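# Remarks on the overall topology
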Number of protein chains: 2
Amino acid sequence: MKIESIQNKKIKERTKLHTKKERDKTGLFIVEGEHLIQEAIHANVLKELYILDTIENPFDFPCFECTQSVINKLSNQVSNAKMIGVCQKQTYKNDNYSKVLLLDDVQDPGNVGTIIRSAYSFGIDCIYLSNKCADLYNLKTIQSSQGALFHLPVFVCDIKEKIKQLQKKNIKVYATALHQKAKMLQEIVPENSFAIVLGNEGSGIKQEIVDSCDECIQIEMNQFESLNVAIAASICIYYFQYNKK
Amino acid sequence: MKIESIQNKKIKERTKLHTKKERDKTGLFIVEGEHLIQEAIHANVLKELYILDTIENPFDFPCFECTQSVINKLSNQVSNAKMIGVCQKQTYKNDNYSKVLLLDDVQDPGNVGTIIRSAYSFGIDCIYLSNKCADLYNLKTIQSSQGALFHLPVFVCDIKEKIKQLQKKNIKVYATALHQKAKMLQEIVPENSFAIVLGNEGSGIKQEIVDSCDECIQIEMNQFESLNVAIAASICIYYFQYNKK
């Protein structure tokens, strides 16, 4: 089926998916580009495929052929896009995760996506986001995750409550925070189960949340005392998972 | 002195600094926001300061008071900026650096800036960029570096030539690249001097450059085999500098 008008009812509906409100309402979200669409097909979440009428459909998945103006209407990019996928949000059973990250108000979608990418590559089981974190289905989050969000359970929840639950299961919860009593990362002897909390780009982890954690960790630095939050998260996870002492 | 017109000759001149060509020609570049301007003053590179006429100058540095339209003209941001600094590029003696990074065509300014930020925090001496890397004085590079680029020597040069020079000084050069002979990062026993090469976001390090390195290193991963280049760089530097075995 070919779609030539940006007034097409379906196109008008789908364009609304650029807002969080519509994504929350419908349980759908948009991905752009061949790599992410391929990942979405792999993960069995692709629902609809829109492809520019001048190119071949590279996927084994039926598509709507669209004119460039229709594709541009669906796209969030400045330059001409070629293909757009509409995906269904995944649901996960929230049960026995034992290597987890908790993000307290990490606001940049690029940071949230990059953390998801590293977390999945390094074998984290699950990520919990506070409700002021960047939206998981923001296009920038999805792009920075490079599709890892199709594979890793991510939940939005009350971080403080979640920390209590983890502690009840005897999972030690670490806050990445400058603190009088903070241990340097190299002093930590990680166990098989762990939870690591990362905080907001500007203000870090909220004090009451730091206070509720079992231990504070600080990454060694020579000077400047400044690391991007996705860098800090990745260094901690890598250390917890692969450090051989 | 107050500047009220976007036709002001100096404003028209300075606005050109949004292009790499003008930055290269003049040796000047623009920074935005209080934090970066403060860092520029610290580093003694601030030349001119433009501040919105409705706010107080928070610095001990003379400023041009400007209307919002003049500030917006100088700014690269979408939302209303409040202060703009014009800085002088720094020059460094290119001599005895012994803990260095080399970036082969890292194209995203956010990645280059984040790498500079981590490198400075973790005690790297100097960074060499290939000439296809993102421009060091691109506003996004500067912002992601959080001002670290005011403190760390960064040179644009021929990476292959630089590798030869480092090797002549008995500095071991490591390529971060998937390779049959690659060692896992945890197997590496770092020396005091080292050079680490990172590659392009899509295609990695060029083969001829990989071939000229002394060793290939691969970061341990569970799955997915995908890491952002700034994450990979930061994990390697952290390991080389702080791993206690």
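Everything numeric in this text was worked out from a predicted model, so none of it was measured.

### Digging into the interface of chain A and chain B
Residue-level contacts link 34 residues of chain A with 34 residues of chain B. Where chain A abuts chain B, roughly 2,900 Å² becomes buried across the two surfaces, and 58% of that area is made up of carbon and sulfur atoms. In this structure, the connection of chain A to chain B is made through 0 salt bridges. Our enumeration of links across chain A and chain B arrives at 14 residue pairs in polar contact (both at pLDDT 80 or more). Looking at the side of chain A that touches chain B, the elements that each hand over two or more residues are α5 (109–121) and α9 (229–242) of chain A. Its residues placed into classes, the side of chain A that touches chain B shows 13 nonpolar, 15 polar and 6 charged.

### Quick look at the confidence of the model for chain A
Here chain A averages 94 in pLDDT, while 99% of its residues score no lower than 70. In the predicted complex, the global pTM is 0.93; the interface-specific ipTM is 0.92.

### Focus on the packing of helix α5 (residues 109–121) of chain B against helix α9 (residues 229–242) of chain B
Residues and elements named next belong to chain B. Two elements in contact, α5 and α9, have axes separated by 9 Å at closest approach and are oriented at 10°. Relative to α9, the element α5 lies roughly parallel. Of α9, the residues touching α5 (which contributes Asn111, Thr114, Ile115, Ser118, Ala119 and Ser121) are Val229, Ala230, Ala233, Ser234, Ile237 and Tyr242. Partitioned by chemical class, the residues of the contact of α5 with α9 number 7 nonpolar, 5 polar and no charged.

### Things to note about the nonpolar core
Of all hydrophobic cores here, the largest spans 112 residues; its most connected members are Ile127(A) and Ile127(B). Filtering out sequence-adjacent residues up to four positions away, Ile127(B) remains in contact with Leu101(B), Leu103(B), Ile115(B), Ile116(B), Ala119(B), Leu152(B), Pro153(B), Val154(B) and Phe155(B).

### Points about the packing of aromatic side chains
Per the stated rule, a full pass over the model turns up 24 aromatic pairs over all chains. When the ring of Phe29(B) is compared with that of Phe150(B), the centres are 6.2 Å apart and the planes differ by 25°; the resulting orientation is stacked. One end of the pair, Phe29(B), is in strand β2 (residues 28–32); the other, Phe150(B), is in the loop between α6 (139–145) and β8 (154–156), and 121 residues separate them in sequence. For Phe29(B), a relative accessible area of 1% gives the class buried. Of the aromatic side chains, those joined through ring pairs into one cluster are Tyr92(A), Tyr97(A), Tyr128(A) and Phe155(A).

### What to know about the packing of α9(A) against α9(B)
Close contact between α9(A) and α9(B) brings their axes to 9 Å; oriented N to C, the two are set at 55°. In terms of orientation, α9(A) lies oblique with respect to α9(B). Crossing geometry of α9(A) relative to α9(B) is assigned as right-handed. Note on element contacts: α9(B) touches α9(A) through Ala230(B), Ile231(B), Ser234(B), Ile235(B) and Tyr238(B), opposite Ala230(A), Ile231(A), Ser234(A), Ile235(A) and Tyr238(A).

### Some thoughts on the sheet that holds strand β5 (residues 83–88) of chain B
Residue and element names in this part refer to chain B. The 5 strands are arranged β1-β4-β3-β5-β2 in an open sheet whose pairing can be described as mixed. Of all strands in the sheet, those with a lone pairing partner are β1 (2–3) and β2, marking the two edges. The pairing of strand β3 (residues 46–52) with β5 spans 5 bridges and is classified as antiparallel. Paired with Ile51 across the strands is Met83, a residue of β5.

### Remarks on the pattern of salt bridges
Residues and elements named next belong to chain A. A complete count under the given rule lists 28 salt bridges over all chains for this structure. With a shortest N-O distance of 2.8 Å, Asp104 and Lys206 are connected by a salt bridge. One end of the pair, Asp104, is in the loop between β6 (99–103) and α5; the other, Lys206, is in the loop between β11 (194–198) and α8 (207–212), with 102 residues separating them in the sequence. A relative accessible area of 1% means that Asp104 is categorised as buried. The exposure class assigned to Lys206 is partly exposed, which follows from its relative accessible area of 36%. Three or more residues joined by partner-sharing salt bridges are found here, namely Lys10, Arg14 and Glu48.

### So, the relation of the copies chain A and chain B
Each copy of the chain is related to the other by a rotation around an axis and a translation along that axis. Under the fitted operation, chain A is carried onto chain B by 0.0 Å of movement along the axis and a turn of 180°, and the coordinates agree to an RMSD of 0.0 Å. With respect to symmetry, the two chain copies, as superposed, fit the operation of a two-fold axis. Looking at the interface residues of chain A, 100% of them are also at the interface in chain B, so both copies use one shared face.

### Digging into helix α7 (residues 159–168) of chain A
Each α-helix turn comprises 3.6 residues. Residues three or four places apart therefore point the same way. Residue and element names in this part refer to chain A. When α7 is considered as a whole, its buried residues turn out to be Ile159, Lys162, Ile163 and Leu166. Down the axis of α7, the buried side of the element spans an arc of 105°, and every buried residue falls inside it. In the core, the buried residues of α7 are packed alongside β6, β7 (126–129), β9 (173–176), β11 and α8. Two or three places before Lys160, at the start of α7, stands the capping residue Asp158, its side-chain oxygen 2.9 Å from that residue's backbone nitrogen. Just downstream of α7 lies Asn170, where phi reads positive at about 65°.

### Re the pairing of β2(B)
All names here are of chain B. Here β2 lies mainly inside the structure; 5 of its 5 residues are buried. Both faces of β2 are covered, namely the face carrying Leu28, Ile30 and Glu32 and the face carrying Phe29 and Val31. Here β2 runs beside β5; their pairing, made up of 5 bridges, is antiparallel. Looking at β5, one finds that Ile30 is bridged to Val86.

### Points about the environment of Ala182(A)
Residues and elements named next belong to chain A. In this fold, Ala182 is placed in the loop between β9 and β10 (183–184). Residues Ala182 and Ile205, 23 residues apart in the sequence, show an inter-C-alpha distance of 14 Å. Non-local contacts of Ala182, meaning those with residues more than four positions away in its chain, are made with Ala177, Cys216 and Gln218.

### Points about the side chain of Ser121(B)
Tracing the chain through its elements places Ser121(B) in helix α5. Among the polar contacts made by the side chain of Ser121(B), one reaches the main-chain carbonyl oxygen of Ser226(A) at a distance of 2.7 Å.

Rules of the game
- Residues numbered from 1 in each chain as written.
- Chains lettered and ligands numbered in written order.
- Predicted model: local features only at pLDDT ≥ 70, side-chain atom pairs only at ≥ 80, totals over all residues.
- Heavy atoms only, no water.
- Contact = heavy atoms within 4.5 Å.
- Buried area = accessible area lost by both parts, 1.4 Å probe.
- Salt bridge = Lys/Arg side-chain N within 4 Å of Asp/Glu carboxyl O.
- Polar contact = N/O pair within 3.5 Å; in protein donor to acceptor, adjacent residues only side chain to side chain.
- Helix = DSSP H or I, 4+ residues; strand = E, 2+ residues; numbered from the N terminus.
- Nonpolar A, V, L, I, M, F, W, Y, C, P; charged D, E, K, R; others polar.
- pLDDT = per-residue confidence, 0-100.
- Axes fitted to C-alpha atoms, helices over the stretch in contact; angles between N-to-C directions.
- Parallel < 35°, antiparallel > 145°, perpendicular 65-115°, else oblique.
- Core = buried A, V, L, I, M, F, W, Y, C linked by side-chain atoms within 4.5 Å.
- Buried < 20%, exposed > 50% of the residue type's maximum accessible area, 1.4 Å probe, protein only.
- Phe/Tyr/Trp six-rings, centres within 6.5 Å; stacked < 30°, edge-to-face > 60°.
- Left-handed = near helix turned anticlockwise from the far one by under 90°.
- Pairing = 2+ DSSP bridges.
- Least-squares fit on C-alpha atoms with pLDDT ≥ 70 in both.
- Arc of directions from axis to C-beta.

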